[in-house]
Amino acid sequence: MCDTCGCNITPGNEHLARRKNPQGQDAITVLKSLLSANDREAAHNREHFDRHGVLALNLMSSPGSGKTLLLEATIEALKNEFRIAVIEGDLETENDAARIRAKGVPAIQITTGSACHLDAHMVHDALHHLNLENVDILFIENVGNLVCPASFDLGQHRNITLLSVTEGDDKPAKYPVMFRAADLVLLTKTDLLPVLDDFDPARAETCLRNLANPAPALRLSAKKKDGLAAWFDWLRHERAAQRDRVRTGQILRPAVQPDGAHLHAETGHSHGRLSSGQHYRFRGA
């Protein structure tokens, strides 16, 4: 895994990571500083969004859960109601951004190379390629990963976690950090339930509730256009709520995964960006 998010620090090598380096800092201290720098950049991104009245949504899931297909269906249904833009995150290729642009919506592709998540710096650089004056809802499709994206504030207002019925109904229990961070959970590809009788949507929701997360859990199939009305209503509600917050000067921050919250603390000066520019590329709208 990557050296920037800390997932290379394991119980087996933690004692080595805590050794002092020649500058007198240990790896844990550097990691805290990097996360603090990320949080400052995320707050800067959120200021941009709020100034322009944009609702920013972070989509997280395993690869192949249907994030891009859901965005395509959403754009088709709502592009005359809302001005939509998308930031796409993948290790390589421009495939997803090309699919979004084919729907007539601006999309910025971030290719991270080896980084297993987006960070606030990447998103900030991508925003230079978007005109937020012309955006009502910005979707950030994060790198497919059920671990690392949950630990990073990008400047978004809400986290949306997708769980496809092909993955197993115990995923919230097995990957609690990701599902604790969710403000909304979407059970996707429900059209496959008749042939996947080992996935129980009720059990998946029970696993979510066992994490003390009251987030709504919606069932849908973007392919068959089933259950999308509730998703669209949620988006309309959140867009209206964001307009109200902007009008009253309120700021909405996303859920930060509890297991990593202690790392998101100010510990002095930043020692650099979470991912240096040489490791990721942008392809414009």
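In case you missed it, the structure is sitting above this.
Since the model is a prediction, treat every value here as computed from it, not as a measurement.

1. Here we look at the overall build of the protein chain
Right, on to step 1. Looking only at helices and strands, one finds nine helices and eight strands in the protein chain.
Right, on to step 2. For the protein chain, buried positions account for 52% of its 285 residues.
Right, on to step 3. The contacts in the protein chain between residues at least 6 apart in sequence include a share of 77% that link residues at least 24 apart.
Right, on to step 4. Carbon and sulfur atoms make up 51% of the accessible area of the protein chain, which totals about 12600 Å².

2. Observations regarding the pattern of salt bridges
Right, on to step 1. According to the stated counting rule, one finds 13 salt bridges in the structure shown.
Right, on to step 2. Here R99 ties to E72 by a salt bridge, and the two come within 2.8 Å at their closest N and O atoms. Of the two residues, R99 sits in helix α4 (residues 95-101) while E72 sits in helix α3 (residues 67-78), which places them 27 residues apart along the sequence.
Right, on to step 3. Classification of E72 by relative accessible area gives buried; the value is 11%.
Right, on to step 4. One continuous salt-bridge network, built from bridges that share partners, spans E81, D233 and R236.

3. Here we look at the pairing of strand β4 (residues 137-141)
Successive residues of a regular strand alternate their side chains across the two faces of the sheet.
Right, on to step 1. The element β4 is extensively covered by neighbouring structure, given that five of its five residues are classed as buried.
Right, on to step 2. In β4, alternate side chains face the same way, and those of I137, F139 and E141 on one face and L138 and I140 on the other are all buried.
Right, on to step 3. Pairing of strand β1 (residues 55-60) with β4 involves five bridges; the strand directions are parallel. Bridge assignment links A56 to a residue of β4, and that residue is L138.
Right, on to step 4. Relative to β4, strand β2 (residues 84-90) is paired through five bridges, and the arrangement is parallel. Note on β4: the bridge partner recorded for E88 is E141.

4. Details of the nonpolar core
Right, on to step 1. Formed by 29 residues in total, the largest nonpolar core has its most connected members in L57, F139, I160, L186 and W231.
Right, on to step 2. When contributions to this core are tallied by element, the ones reaching two or more residues are β1, α3, β2, α4, β4, β5 (158-164), β6 (184-188) and α9 (228-248).
Right, on to step 3. Dropping the residues within four chain positions of it, L57 is found in contact with I137, L138, F139, I140, Q156, R158, I160, W234 and L235.
Right, on to step 4. The next biggest cluster of nonpolar side chains, apart from the first, holds 22 residues, and it includes V54, L118, I140 and L154.

5. A closer look at the side chain of Q242
Right, on to step 1. Inspection of the secondary structure assignment puts Q242 in helix α9.
Right, on to step 2. A polar side-chain atom of Q242 sits 3.1 Å from the main-chain carbonyl oxygen of V54.
Right, on to step 3. If sequence neighbours within four positions are ignored, Q242 has contacts with D50, G53, V54, L55 and H157.

6. As for the environment of T112
Right, on to step 1. Positionally, T112 belongs in the loop between β3 (107-111) and α5 (120-127).
Right, on to step 2. T112 sits 19 residues away from T93 along the chain, and the two C-alpha atoms are 10.0 Å apart.

7. Looking at the packing of α3 against α9
Right, on to step 1. Contact geometry of α3 with α9 gives a least axis separation of 11 Å together with a crossing angle of 70 degrees. By the angle class used here, α3 and α9 are roughly perpendicular. When α3 is examined against α9, the residues L70, A73, T74, A77 and L78 are found in contact with a partner set consisting of L228, W231, F232, L235 and R236.
Right, on to step 2. Here the residues of the contact of α3 with α9 are counted per class, giving eight nonpolar, one polar and one charged.

Conventions we followed
- Residues numbered from 1 in each chain as written.
- Predicted model: local features only at pLDDT ≥ 70, side-chain atom pairs only at ≥ 80, totals over all residues.
- Heavy atoms only, no water.
- Helix = DSSP H or I, 4+ residues; strand = E, 2+ residues; numbered from the N terminus.
- Buried < 20%, exposed > 50% of the residue type's maximum accessible area, 1.4 Å probe, protein only.
- Contact = heavy atoms within 4.5 Å.
- Areas by Shrake-Rupley, 256 points an atom, 1.4 Å probe, with all protein chains shown as cover.
- Salt bridge = Lys/Arg side-chain N within 4 Å of Asp/Glu carboxyl O.
- Pairing = 2+ DSSP bridges.
- Core = buried A, V, L, I, M, F, W, Y, C linked by side-chain atoms within 4.5 Å.
- Polar contact = N/O pair within 3.5 Å; in protein donor to acceptor, adjacent residues only side chain to side chain.
- Axes fitted to C-alpha atoms, helices over the stretch in contact; angles between N-to-C directions.
- Parallel < 35°, antiparallel > 145°, perpendicular 65-115°, else oblique.
- Nonpolar A, V, L, I, M, F, W, Y, C, P; charged D, E, K, R; others polar.

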